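Analysis of the macromolecular model
The lines below spell out each chain.
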Amino acid sequence: MKTFALLVSMFLLFACAAGPVLTVQSARGIEEQRYDVILFGGRYSEDLRSMAIFVIRGGPYRILPYAPKFDYKIVKDLSAPQALATATRFLAGINPNYIGTTKNLILGPDGRPIGYEIRPLYQPFVYGFSDVLETSYRVWGKGVVRAWIDVAPAVNRLEGGGNRLFERER
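Report on the accompanying structure.

Reading the values: rules and limits
Residues numbered from 1 in each chain as written. Predicted model: local features only at pLDDT ≥ 70, side-chain atom pairs only at ≥ 80, totals over all residues. Heavy atoms only, no water. Helix = DSSP H or I, 4+ residues; strand = E, 2+ residues; numbered from the N terminus. Buried < 20%, exposed > 50% of the residue type's maximum accessible area, 1.4 Å probe, protein only. Contact = heavy atoms within 4.5 Å. Core = buried A, V, L, I, M, F, W, Y, C linked by side-chain atoms within 4.5 Å. Salt bridge = Lys/Arg side-chain N within 4 Å of Asp/Glu carboxyl O. Pairing = 2+ DSSP bridges. Axes fitted to C-alpha atoms, helices over the stretch in contact; angles between N-to-C directions. Phe/Tyr/Trp six-rings, centres within 6.5 Å; stacked < 30°, edge-to-face > 60°.

Digging into the overall build of the protein chain
Check the secondary structure of the protein chain and you find four helices and nine strands. Within the span of the protein chain, comprising 170 residues, buried residues form 39% of the whole. Considering only contacts in the protein chain between residues 6 or more positions apart, those separated by 24 or more positions represent 63%.

What to know about the nonpolar core
Ranked by size, the top nonpolar core spans 46 residues in total, and within it Ile53, Phe54, Ile63 and Tyr137 carry the most contacts. For this core, the element with the highest residue contribution is strand 3 (residues 51-56), accounting for six residues. Once you skip the residues sitting within four places of it in the chain, phenylalanine 54 turns out to touch Ile30, Tyr35, Asp36, Val37, Ala83, Leu84, Ala87, Ile114, Gly115, Tyr116 and Ile118.

Quick notes on the environment of threonine 102
Turning to its location among the elements, threonine 102 is positioned in strand 6 (residues 98-107). Note: C-alpha distance between threonine 102 and glycine 29 (73 residues apart in sequence) is 9.5 Å. Not counting residues within four places of it along the chain, the set of residues in contact with threonine 102 comprises Glu117, Ile118, Arg119, Leu121 and Asp131.

A look at unusual backbone geometry
Located in the positive-phi region is glutamate 46, a residue other than glycine, with phi close to 65°. Mapped onto the secondary structure, glutamate 46 falls in the loop between strand 2 (35-40) and strand 3. We note that aspartate 77 has phi near 55°; this positive angle belongs to a residue other than glycine. Topologically, aspartate 77 is positioned in strand 5 (residues 72-78). According to the relative accessible area criterion, aspartate 77 is partly exposed, its value standing at 35%.

With respect to the pattern of salt bridges
Two side chains that carry opposite charge are able to pair once their charged atoms sit near each other. Overall, the coordinates contain nine salt bridges when judged by the stated rule. In this structure, aspartate 36 and arginine 57 form a salt bridge, with 2.5 Å as the shortest nitrogen-oxygen distance. Of this pair, aspartate 36 sits in strand 2 while arginine 57 sits in the loop between strand 3 and strand 4 (62-65); the two residues are 21 residues apart in sequence, bridging distant segments of the chain. Between aspartate 131 and arginine 119 there is a salt bridge whose closest N-O contact spans 3.0 Å. Linking aspartate 131 in the loop between helix 3 (124-127) and strand 8 (133-139) with arginine 119 in strand 7 (residues 113-122), this pair joins segments that are twelve residues apart in sequence.

Description of the sheet that holds strand 1 (residues 23-26)
Ordered by their spatial adjacency, six strands build an open sheet running 1-6-7-3-2-5, and the pairing between neighbours is antiparallel. Looking at strand neighbours, the two that pair on one side only are strand 1 and strand 5, the edges of this open sheet. When strand polarity is set aside, the average angle formed by the axes of neighbouring strands in this sheet is 25°. Two elements, strand 2 and strand 5, share five bridges in a ladder whose sense is antiparallel. Residue phenylalanine 40 lies in a different strand from strand 5, and its bridge partner there is tyrosine 72.

Re the packing of aromatic side chains
As enumerated under the stated definition, the model contains six aromatic pairs in all. Ring-pair connections join several aromatic residues into one group, and the members of that group are Tyr35, Phe54 and Tyr116.

Dropping the structure here:
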């Protein structure tokens with residue numbers, strides 16, 4: 001019963017505190033401007049919860065992962081080529097199954113770009129598909145967007161893991 005009450009209160013707190021979910025769409029390239037680069041994950045070899053987020057400097061929002069600070073690092077004020085090189089180097093060094101990246105544009109509530117996500121792609125025969133991440137971005141107070149980053153449930157099941165936070169141990 002305590003677990004149920006905790007889950008309900010967490011849901012209500014989340015629903016009241018958070019703003020709209022933002023749109024993410026495929027991007028061909030990265031616009032030439034200055035970025036703060038969030039390097040998320042990479043804490044151990046083959047960390048599938050790894051990606052990079054480019055936050056447009058001077059924009060109306062700053063993006064922060066919904067995770068402990070030890071799960072990410074921020075590199076400030078990089079040009080687009082520097083940001084891409086940093087992200088590629090970071091992602092390529094984590095998993096031996098890495099084959100490249102995909103780029104997505106993160107749009108603010110008004111439809112204007114606030115950043116990009118750079119997601120790693122892996123050999124599809126290893127995890128079932130190339131892009132193994134699920135992300136969500138939500139306005140979280142004035143000028144802040146929170147990023148939720150997780151591995152797709154199908155990959156967790158394939159790996160024999162899963163999100164056991166809400167599962168009872170058998």
